[in-house]
Amino acid sequence: MAVALKDLAPSPLDGYTGLSDAECDARIRAAKAQLGDRLLILGHHYQRDEVFQFADISGDSLKLSAEAAKSDAEFIVFCGVHFMAEVADILTRDDQQVVLPDLAAGCSMADMANLRNVRRAWDELSQVIDPDETVTPVTYINSAADLKAFCGDHGGIVCTSTNAKGVLEWSFSQREKVLFFPDQHLGRNTGYGMGIPLDDMVTWDFDKPMGGLTEDEIKRAKIILWKGFCSVHQMFMPQHVEKFRKDVPGGKVISHPENNFEVCQASDYVGSTEFILKTVRAAEPGTHWLVGTELNLVNRLHDEMAPKGVKVQFMSPMVCMCSTMFRTDPQHLAWALESLVAGEVVNQIQVEPKTAASAKYALDKMLEITA
Ligand code: 13P
Ligand code: SF4
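Here is what the cut-offs are and how they apply
Residues numbered from 1 in each chain as written. Chains lettered and ligands numbered in written order. Predicted model: local features only at pLDDT ≥ 70, side-chain atom pairs only at ≥ 80, totals over all residues. Heavy atoms only, no water. Core = buried A, V, L, I, M, F, W, Y, C linked by side-chain atoms within 4.5 Å. Buried < 20%, exposed > 50% of the residue type's maximum accessible area, 1.4 Å probe, protein only. Helix = DSSP H or I, 4+ residues; strand = E, 2+ residues; numbered from the N terminus. Contact = heavy atoms within 4.5 Å. Axes fitted to C-alpha atoms, helices over the stretch in contact; angles between N-to-C directions. Parallel < 35°, antiparallel > 145°, perpendicular 65-115°, else oblique. Left-handed = near helix turned anticlockwise from the far one by under 90°. Salt bridge = Lys/Arg side-chain N within 4 Å of Asp/Glu carboxyl O. Pairing = 2+ DSSP bridges. Near = heavy atom within 4 Å. Polar contact = N/O pair within 3.5 Å; in protein donor to acceptor, adjacent residues only side chain to side chain. Areas by Shrake-Rupley, 256 points an atom, 1.4 Å probe, with all protein chains shown as cover. Nonpolar A, V, L, I, M, F, W, Y, C, P; charged D, E, K, R; others polar. Phe/Tyr/Trp six-rings, centres within 6.5 Å; stacked < 30°, edge-to-face > 60°. Lys NZ or Arg CZ within 6 Å of the ring centre and 35° of its normal.

> Explain the nonpolar core here, please?
One recurring pattern in soluble globular proteins: nonpolar side chains tend to sit buried together. Counting 101 residues, the largest nonpolar core has Phe180 and Trp204 as its most contacted members. With 7 residues, helix H6 (residues 82-91) is the largest single contributor of residues to this core. Dropping the residues within four chain positions of it, tryptophan 204 is found in contact with Ala121, Glu124, Leu125, Met210, Gly211, Leu213, Ile218, Ile224, Leu225, Trp226 and Lys227. In this structure, Ile28, Ile41, Phe75 and Cys79 belong to the second largest nonpolar core, which totals 22 residues.

> Can you walk me through the packing of helix H9 (residues 145-153) against helix H18 (residues 353-370) in this structure?
Pairs of packed helices are described in terms of their axes, by the angle between the two and the distance that separates them. For the pair H9 and H18, the least separation of the axes is 7 Å and the interaxial angle reads 65°. Between H9 and H18, the interaxial angle falls into the category roughly perpendicular. Every pair of crossing elements has a handedness; the one defined by H9 and H18 is left-handed. Packed against H9, whose contacting residues are Ala145, Asp146, Lys148, Ala149, Cys151, Gly152 and Asp153, the element H18 presents Thr355, Ser358, Ala359, Tyr361, Ala362 and Leu363 at the interface.

> Help me understand the pattern of salt bridges in this model?
Pairs can form between side chains of opposite charge whenever their charged atoms are close. As enumerated under the stated definition, the model contains 20 salt bridges in all. Residue glutamate 67 is joined to lysine 70 by a salt bridge in which the shortest nitrogen-to-oxygen separation is 3.5 Å. Placement of the pair is glutamate 67 and lysine 70 together in helix H5 (residues 61-70), with a separation of 3 residues, close to one helical turn. Given the relative accessible area of 62%, lysine 70 is considered exposed. Taking the shortest distance from any N to any O, the salt bridge between glutamate 169 and lysine 165 comes out at 3.2 Å. Of this pair, glutamate 169 and lysine 165 both sit in helix H10 (residues 164-174), 4 residues apart, roughly one helical turn. Taking the relative accessible area as the measure of exposure, glutamate 169 reaches 41% and is therefore partly exposed. The exposure class of lysine 165 is partly exposed, given its relative accessible area of 45%. Taken together, the salt bridges that share partners define one network made up of Asp72, Arg93 and Asp95.

> When you look at the sheet that holds strand E1 (residues 39-44) in this model, what are you seeing that I'm missing?
Neighbouring strands of a sheet are bound in pairs by backbone hydrogen bonds; such pairs are parallel or else antiparallel. With parallel pairing, the 4 strands of this open sheet are ordered in space as E2-E1-E3-E4. The outermost strands of the open sheet, each flanked by one partner alone, are strand E2 (57-59) and strand E4 (97-99). Sheet twist, expressed as the mean angle between neighbouring strand axes with direction ignored, is 20°. Strand direction decides the pairing type here: strand E3 (residues 75-79) and E4, joined by 3 bridges, are parallel. Note on E4: the bridge partner recorded for phenylalanine 75 is glutamine 97. In the packing of helix H17 (residues 330-341) onto the sheet, the strands contacted are E1, E3 and E4, and the crossing angle to E3 comes to about 175°.

> Sorry, what's going on with H9 here?
Side chains three or four residues apart in an α-helix point the same way, a direct result of the helix having 3.6 residues per turn. With 7 of 9 residues buried, H9 is to be regarded as a mostly interior element. Taken together, the buried positions of H9 are occupied by Ala145, Leu147, Lys148, Ala149, Phe150, Cys151 and Gly152. Packing partners of the buried residues in H9 comprise H6, helix H7 (115-125), strand E5 (135-140), strand E6 (157-159), strand E7 (177-181) and H18. Immediately beyond the C-terminal end of H9, within one or two residues, lies glycine 155, with a positive phi of roughly 70°.

> Looking at this model, I keep getting lost on the site of ligand 1. Mind explaining?
In the region of ligand 1, the neighbouring residues are His44, Tyr46, Asp60, Ser61, Tyr140, Asn142, Ser161, His233, His256, Glu258, Ser272 and Thr273. Histidine 256 is positioned with one of its side-chain polar atoms (N or O) 2.8 Å from an oxygen atom of ligand 1. At 2.8 Å from an oxygen atom of ligand 1 is found a side-chain nitrogen or oxygen belonging to glutamate 258. Within the complex, the protein chains bury 96% of what would otherwise be the 300 Å² of accessible surface of ligand 1. Here the residues of the shell around ligand 1 are counted per class, giving 2 nonpolar, 8 polar and 2 charged.

> What should I look at first to understand the site of ligand 2 in this one?
Around ligand 2, the neighbouring residues are Tyr46, Cys107, Ser108, Met109, Asn142, Cys230, Val232, Glu258, Cys322 and Met325. Of the residues contributing to the shell around ligand 2, the split by class is 7 nonpolar, 2 polar and 1 charged.

> What am I meant to see in the packing of aromatic side chains here?
Both the distance between ring centres and the angle between the ring planes are used here to describe each pair of aromatic rings. Scanning the model with the defined rule gives 6 aromatic pairs in all. Both rings, one in phenylalanine 181 and one in tryptophan 226, keep their centres 6.1 Å apart while their planes meet at 65°; by these two values the pair is edge-to-face. Taken as a pair, phenylalanine 181 in strand E7 and tryptophan 226 in strand E9 (residues 223-226) lie far apart in primary sequence, 45 residues in all. Of the two residues examined, phenylalanine 181 and tryptophan 226, each falls in the buried class. Between phenylalanine 236 and phenylalanine 314 the ring centres are 5.5 Å apart and the planes differ by 80°, which places this aromatic pair in the edge-to-face class. With phenylalanine 236 in the loop between E9 and helix H13 (238-247) and phenylalanine 314 in strand E13 (residues 311-314), this residue pair connects regions lying 78 residues apart in the sequence. A cation sits over an aromatic face here: arginine 48 above phenylalanine 326, 3.7 Å from the ring centre. The ring of phenylalanine 52 carries arginine 300 above its face, with NZ or CZ at 3.7 Å from the centroid.

Structure below.
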């Protein structure tokens, strides 16, 4: 088998891959101490424990965006995924630098929409309706910066799982329809919760001409939902909820809105990762919760709540972790931080200025609505 030259070349991480987690811990602590206030580590709730413990601030996408925007730190190390680091770069000053410890930490849902297929959808819609007059484009924050820029340039906006309802209300005050990408489930669950019937929401299959829809379906639709989904949340099924209801009468079910419609309808509560944590942390002792979101968050919540007499159970019988969130390990974090100590910014995330300006416009609108 031929070996590519790049496979033989030394990697800057070579000195780190053999380090144990305990060795990394000590080196991360030392680098953090040396960098002091110059450094802010942001950690999403889905990060593994070995990394999560080093976050100065943890949160959901909305909270972490707002924290990045108000931070004065020279270096923001984002333990999360690529789109989150892009948002941090867009919302921070030019003299602040954002680092993603492993550049392979993407989001498979974000990859389901790209500028080429969203532009094509906009062009195809314009054969049937005038999208610039009648459609507000809304992108979930789980998307690349150029899609946020597309929304900024077309009278649209960004949303997160926390503010999707307020963002959709604003969107309908602007234009009569919404094109919502990339997560069909967040769009459908939010739209339905606002009283929009399922029949008024159509799914745009980006692999088919005209999204696989008829002219009439497009004209009648209130929300056009991109056919994207989260590979982690698609593992949760309504039968998991049904079994829990049988096994644990009086138990509570809480889910993330990236879950499918049936799972969300069967749940007692639906909300962002931050909402899930707040709700379960406020639960009465003796209660039992089935939680439909990523495993690292659920395991930590289980361990935190067990001594308080609150039982937390993961929704799926299978292990479902976000494999891209998992990419950020202590070795990458130690490398990124020690490089900063040595005066080298590695894995910097920099959004091209024109894209960043348009994306910021759409993000700022979202933050205004949320404030
Ligand atoms: P939150 O904003 O609710 O943390 O969700 C982010 C995410 O990617 C969930 O899969
Ligand atoms: Fe993306 Fe799903 Fe991972 Fe969230 S859990 S970052 S939506 S792949």
